[in-house]
Amino acid sequence: MILAELHDAFHGCVRAELDCADPAAALARLRVGAERWQDSTELLSLRIEALRALGRDHEVEPLLVAWSAKFGTAADYLLLAPPAARAGGAGRAADPVVRPRQLPAVSKDLIGRQAEVDRLAESLRGHGPAAGRITVVTGPAGVGKTSTAVTAAKRVEEDAFPDGTLYIDLRGFSPGQPVDVAAALVRFLNDLQAPCDTPTSEGMGTAYRSALAERRVLVVLDNARDEAQVRPLLPGPGRSAALVTSRQRLDGLVVKESAEQVHLGTLGRVDALELLVALTEPARIDRATPVVEDLLDCCAGLPMALRIVAAQVTRRSPAMLADTVRTLRDGRTRLGAMDLRRDGLSVPSLLEGSYRLLNRPARRLLWQLAVHPGPTISWEAIKAMGRNAEGPGGISDAVDELVGMNLVDDTEDGRYVLHDLIRLYGTGLAEQQDPAERLDTLTGAMNFLLHNAHACDRQLDPDRRLPIAADPDVWTPSPTGPVEAMAWFDTEYPTLTGMFELARRLGQDRYVWHLALAVLTYQWRSNRYLDAAEHLGAALEAAERVAAPTDVALVRRLLAGTHRNLGRPEEAVRHLRQAVRTSEQAGDLTGFAYGCHSLGVLLNESGDADQALVQLRGALRAFGELDDDLGRGTVLDALAHAHHLRGDRAEALEHGRRSVDMLTGTEDRNGLAHAWFTLGRIEAAADRHEAAVDAYRQAAGTYREIGYSSRTARVLVDWPTPWSGWVTRTDSGRRWPRRGRC
């Protein structure tokens, strides 16, 4: 009782000093009182009043933060303006004559966002597809969410919201603590001069919504961290609306409040160039013309990066331009160059603001995705990389968090992609990890891609034998046929080539030569022979270091086939002779048979028919010893062609028909198609036109069935040869079937 009376007396003394316009004395007395009554909100309120009277408003917020942290309760309600200071007075609703217009200034050169601004304006006017009048702008850091949102708000505030516009930066991703909801409510209530009879968080929220219900006010909540920070600041039913920006996808507002969510992506090439030119002094942009494309590549369409680079080009001496570009080109120094070290203009700092809010599994997955070489990555590959993910939700939760934070984009075709600058940031994180863990992640990704490629390669060439052992722990696709397998390769080829280069760089020889072999059939069928030659050249070097001689011979045979298709017969013959010699020395009859077959085909094409027949007959004998019908059928096809070129039509027809018979029923559809093609040529040369047409039709249909479009075209191009013979030997009324029916 006595202490309470002493507290009240002390409070009265301080109140008197403030009323007598002596805030300095009041503040000095309050410091003494704070030691005795540390948790007194009454004395805290007087201290705030004294600080404001002394013009030290900047000390108020830190004081409240420290007090709340110490005693575990918010005291922001103490900032509410007293009733006498409100236009409406106590006990009466404020007269809506206060029309705040709080939108910040933004750059007028908003480029490439017209469609988004139009959509936002329509949504704020209540014409959008969503049922509510809450609109969310989301996107990665530095993409221009604030500028876009404020531009849209300026367009509609005068006519659609005549009673004012409230704006607050909630600092959800800024350094330090985000704005407390209670502090935001206090500020908005004071700005609206709205009464609040119950100074609790719930009471202030009720008073805030009541004030907005009577007005048409636009509330702009910028840089929000999550739904929990936003929800108490949303208007209730009525004609007011809210526009929210956040790096996170605020799906909760979409579900519960029927908000419309607008996602901002990076700028396209044309818009990025326009923005860069608009931000750079004309004289400087003229000097930078030779390197503009490099600058655009480095910025990758991110508006903040473009603004920073434009500022550097403008403020630095023209003599420094070459060094600036060199620094930006280098992935190791690019992010550091995108930091003006002032006013928050820093791409690394923006990314750090998002990263520090991730949980541990998401942080780990971010650097794992960054070191993955593909421009995109499938869900199955992510699961393979994150096989050791922590937490009950495991990898799924980590992916959801990265996507929700707009650090990873999910594409319409179900794949995931990192922005170039986010990838660089993640690569920097990876370099801070344990080298063994980083290597384990990379080899896991290589192993996953290798077995996926091998599974699809077996659909393209079922009888092709590669020394790649199955791994039961790796998920692999199950394409229903060659067309689906080719489609898988079409999607994954950029990733496969990136992974191959990564394996070379890391000295992972086994993956170098295995990946080269697993993707080779696809490269041949899609006419990527130059890629195949480069990959197999590296594969040969790797195989010579770590593989058995039989495997080295295999690589040489495949490299020879690639050189053959590139029109390099000398190189092809050199590799094949070496392959045959290596197989013979290693006692590898299978490799010897394949090598002799390939060498015979090549010598036949080079015009050395006699030596070609020697090699082909040797291959036929070897496959006979192996009891390999598939090998015999393939060699018989080559022998048929060799005899055809020598003019031995009877021998050619016999070998050609035996080849088709032997390959029919096997899984080697490619070999069967070629055998039909060879037989078609032989039949046509023998003036057996009906048989020739049937053989060409079988060849084209089989090639089309396995998705080998270049070979299908080759058959169709060759097709007119038997036509011309038939047309000259039959009456003019007879018609040949259309090519399109084959």
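Draft legend 1. Here's a closer look at the overall build of the protein chain. If you tally the helices and strands in the protein chain, you get 36 helices and 8 strands. Relative to the 2.2 N^0.38 estimate, which gives 27 Å for 742 residues, the radius of gyration of the protein chain is 37 Å and therefore markedly larger than a compact globule would have. The C-alpha extent of the protein chain, read off along each of the three principal axes, is 125 × 65 × 55 Å. Relative to its full complement of 742 residues, the protein chain shows a buried share of 50%. Residue pairs at least 24 apart in sequence account for 67% of intrachain contacts in the protein chain once pairs closer than 6 positions are excluded.

Draft legend 2. Spotlight on the environment of Gly139. In this structure, Gly139 sits in the loop between β1 (134-138) and α6 (145-160). On the basis of relative accessibility, which here comes to 0%, the residue Gly139 falls in the buried class. Through-space distance from the C-alpha of Gly139 to that of Glu202 is 31 Å; in sequence the pair is 63 residues apart. Ignoring any residue separated from it by four or fewer positions in sequence, one finds Gly139 in contact with Lys145, Ser246, Arg247, His263, Leu264 and Asn406.

Draft legend 3. Quick peek at helix α33 (residues 669-685). In this model α33 runs 25 Å from its N-terminal to its C-terminal C-alpha over 17 residues, within 8% of the 24 Å that 1.5 Å per residue would give. Within α33, 12 of the 17 residues are buried, which leaves the element mostly enclosed by the surrounding structure. Buried within α33 are the following residues: Gly671, Leu672, Ala673, Ala675, Trp676, Phe677, Thr678, Leu679, Gly680, Ile682, Glu683 and Ala684. Looking one or two residues beyond α33, the residue adopting positive phi is Asp687, at roughly 60°.

Draft legend 4. The packing of helix α28 (residues 569-585) against helix α29 (residues 589-605), seen in detail. In contact at an axis separation of 9 Å, α28 and α29 are set at 155° when each is read in the N-to-C sense. With respect to α29, the element α28 is oriented roughly antiparallel. Here α28 runs over α29; the crossing is left-handed. Side by side, α28 and α29 meet where Pro569, Ala572, Val573, Leu576, Arg577, Val580, Ser583 and Glu584 of the first sit next to Gly591, Phe592, Gly595, Cys596, Ser598, Leu599, Leu602 and Leu603 of the second. In the contact of α28 with α29, the residues fall into 10 nonpolar, 4 polar and 2 charged.

Draft legend 5. Here's a closer look at the pairing of strand β4 (residues 241-246). Within β4, 6 of the 6 residues are buried, which leaves the element mostly enclosed by the surrounding structure. Where burial is concerned, the two faces of β4 agree: the one with Ala241, Leu243 and Thr245 and the one with Ala242, Val244 and Ser246 are both buried. With 5 bridges connecting them, strand β3 (residues 218-224) and β4 associate as parallel partners. Note on β4: the bridge partner recorded for Leu221 is Val244.

Draft legend 6. Representation of the sheet that holds strand β6 (residues 377-378). The strand order across the open sheet formed by 3 strands is β6-β8-β7, and the pairing between neighbours is antiparallel. Edge positions in the sheet fall to β6 and β7 (409-410), since each has one partner strand and no second. When β6 meets strand β8 (residues 415-417), the two strands line up antiparallel, connected through 2 bridges. Residue pairing for β8: Ile377 is matched across the bridge by Tyr416.

Draft legend 7. Geometry of the sheet that holds β1. Taken in spatial order, the 5 strands of this open sheet run β2-β3-β4-β1-β5, and their pairing is parallel. Each edge of the open sheet is held by one strand with a lone partner, namely β2 (165-169) and β5 (260-263). Sheet twist, expressed as the mean angle between neighbouring strand axes with direction ignored, is 15°. Pairing geometry for β2 and β3, over 5 bridges, is parallel. Among the inter-strand pairings, Ile168 is bridged to a residue of β3, identified as Leu221. Packing against the sheet, helix α5 (residues 114-124) makes contact with β1, β3, β4 and β5, and its axis sits at approximately 170° to β5. Helix-sheet contacts for α6 involve β1, β2, β3 and β4, and the interaxial angle to β4 is about 165°.

Draft legend 8. Layout of unusual backbone geometry. Positive phi outside glycine occurs at Arg171, with the angle close to 55°. Along the chain, the position of Arg171 falls in the loop between β2 and α7 (181-192). In the Ramachandran plot, Asp627 falls in the positive-phi region, its phi being about 55° despite a non-glycine side chain. Residue position: Asp627 is located in the loop between α30 (609-625) and α31 (629-646).

Draft legend 9. Focus on the nonpolar core. Membership of the largest hydrophobic core comes to 128 residues, with the highest contact counts inside it found for Leu218, Leu243, Met338, Val347, Leu366, Leu402 and Phe489. For this core, the element with the highest residue contribution is helix α23 (residues 482-506), accounting for 10 residues. Apart from residues no more than four positions distant in its own chain, Phe489 is found in contact with Ala453, Cys456, Asp457, Leu460, Leu496, Ala518, Val519 and Tyr522. Counting residues in each nonpolar core, the second largest holds 32 residues, with Leu166, Leu170, Met204 and Val230 among its members.

Draft legend 10. Expanded view of the pattern of salt bridges. Enumeration over the complete set of coordinates arrives at 32 salt bridges. Salt bridges sharing partners connect three or more residues here, namely Arg101, Glu157 and Glu158.

Draft legend 11. Region of interest: empty space enclosed by the protein. Taken as a whole, this structure holds 5 cavities of 30 Å³ or more when the rule is applied. Of the pockets and cavities examined, the largest cavity occupies roughly 70 Å³. Every residue along the wall of the largest cavity is listed here: Arg284, Arg287, Ala288, Gln312, Val313, Arg316, Ser317, Pro318, Met320, Leu321 and Thr324. When residues of the lining of the largest cavity are traced back to their parent elements, those giving at least two are α12 (282-287), α14 (303-315) and α15 (321-329). Of the residues assigned to the lining of the largest cavity, the class counts are 5 nonpolar, 3 polar and 3 charged.

Procedures and definitions
- Residues numbered from 1 in each chain as written.
- Predicted model: local features only at pLDDT ≥ 70, side-chain atom pairs only at ≥ 80, totals over all residues.
- Heavy atoms only, no water.
- Helix = DSSP H or I, 4+ residues; strand = E, 2+ residues; numbered from the N terminus.
- Rg over C-alpha atoms; globule rule 2.2 N^0.38 Å.
- Buried < 20%, exposed > 50% of the residue type's maximum accessible area, 1.4 Å probe, protein only.
- Contact = heavy atoms within 4.5 Å.
- Expected span 1.5 Å × (residues − 1).
- Axes fitted to C-alpha atoms, helices over the stretch in contact; angles between N-to-C directions.
- Parallel < 35°, antiparallel > 145°, perpendicular 65-115°, else oblique.
- Left-handed = near helix turned anticlockwise from the far one by under 90°.
- Nonpolar A, V, L, I, M, F, W, Y, C, P; charged D, E, K, R; others polar.
- Pairing = 2+ DSSP bridges.
- Core = buried A, V, L, I, M, F, W, Y, C linked by side-chain atoms within 4.5 Å.
- Salt bridge = Lys/Arg side-chain N within 4 Å of Asp/Glu carboxyl O.
- 1 Å grid on protein atoms, 1.4 Å probe; cavity = no way out; pocket = protein on both sides within 12 Å on 5 of 7 lines; lining within 4 Å.
- Points joined across faces, edges and corners; volume = space filled by probe spheres on them.

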